[in-house]
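Chain residues, written in single-letter form:
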Amino acid sequence: MDKNKEVERIMAKIDPLFKRLMHTRYWLQIANNPYDHCYDFFFNSQRRREPVRSVAIYTCKTDDLAFLEALVDKLTTKTKLSIVYVGFVDQRWLGKRTRIQRRPDHLE
């Protein structure tokens, strides 16, 4: 898998959803799917006093953490959106040796 092509696919899905509206919060969510051995990417947005809108934008077909780390690094250089991780409790990035997710999400 080529990281640059994968980032371009993700950006192609993000661009139409990122409308840059006032009073709207935007962020990415990456969920670890241990059952299918993949990572799922979601684009989330929330307008003031409205519920969160979440759209599945991409599924990384590998569970290689090194590939995910490189993909996230390239993605953060392309977009300045915050990234929330779900399902990565007690896991560390291989290159940085920092924890991916500090505490369990309310969904876990």
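So, here's what we can say about the structure. (Residues numbered from 1 in each chain as written. Predicted model: local features only at pLDDT ≥ 70, side-chain atom pairs only at ≥ 80, totals over all residues. Heavy atoms only, no water.)

### Quick look at unusual backbone geometry
Point 1. One non-glycine residue, histidine 23, lies in positive phi territory at about 60°.
Point 2. Relative to the helices and strands, histidine 23 resides in the loop between α1 (3-17) and β1 (24-33). (Helix = DSSP H or I, 4+ residues; strand = E, 2+ residues; numbered from the N terminus.)

### Quick look at the side chain of asparagine 32
Point 1. Within the element layout of this structure, asparagine 32 appears in strand β1.
Point 2. Within the structure, the side chain of asparagine 32 is placed 3.2 Å from the backbone oxygen of glycine 87, a separation counted as a polar contact.
Point 3. The contact partners of asparagine 32, leaving out residues within four places of it in the chain, are Cys38, Tyr39, Val86, Gly87, Phe88 and Gln91. (Polar contact = N/O pair within 3.5 Å; in protein donor to acceptor, adjacent residues only side chain to side chain. Contact = heavy atoms within 4.5 Å.)

### Some points on the sheet that holds strand β4 (residues 82-86)
Point 1. Across the sheet, which stays open at both edges, the four strands sit in the order β3-β2-β1-β4 with mixed pairing between neighbours. Bordering the open sheet on either side are β3 (53-60) and β4, each of which pairs with just one other strand. Direction aside, neighbouring strands of the sheet carry axes that sit 25° apart on average.
Point 2. Examined bridge by bridge, strand β2 (residues 38-47) and β3 share seven bridges and lie antiparallel to one another. (Pairing = 2+ DSSP bridges. Axes fitted to C-alpha atoms, helices over the stretch in contact; angles between N-to-C directions.)

### Concerning a positive patch on the surface
Point 1. Together, Arg92, Arg97, Arg99, Arg102 and Arg103 make up a region of like positive charge exposed at the surface.
Point 2. Take arginine 97: it is sitting in the segment after β4.
Point 3. Take arginine 97: its relative accessible area is 51%, and that puts it in the exposed class. (Patch = residues over 30% accessible without salt bridge, like charges linked within 9 Å, V, L, I, M, F, W, Y side chains within 5 Å. Areas by Shrake-Rupley, 256 points an atom, 1.4 Å probe, with all protein chains shown as cover. Salt bridge = Lys/Arg side-chain N within 4 Å of Asp/Glu carboxyl O. Lys, Arg positive; Asp, Glu negative; His and termini not counted. Charge placed at Lys NZ, Arg CZ, Asp CG, Glu CD. Buried < 20%, exposed > 50% of the residue type's maximum accessible area, 1.4 Å probe, protein only.)

### Some words on the pattern of salt bridges
Point 1. Scanning the model with the defined rule gives three salt bridges in all.
Point 2. Note that arginine 9 is salt-bridged to glutamate 6, the shortest N-O span being 2.7 Å. Residue arginine 9 and its partner glutamate 6 are located together in helix α1, separated by three residues, close to a single helical turn.
Point 3. On the basis of relative accessible area, arginine 9 is assigned to the partly exposed category, the value being 48%.
Point 4. Residues aspartate 73 and lysine 96 are paired through a salt bridge, measuring 3.3 Å at the closest nitrogen-oxygen approach.

### Re the pairing of β2
Point 1. For β2, the tally of buried residues reaches seven of ten residues, placing the bulk of the element in the interior.
Point 2. Pairing analysis gives ten bridges linking β1 to β2, with the strands arranged antiparallel. Within β2, the residue paired with asparagine 33 across the bridge is cysteine 38.
Point 3. Here β1 hands over to β2 after four residues, with histidine 37 in that stretch at a positive phi of 55°.

The quantities given are spatial measurements derived from coordinates; they are silent on function.
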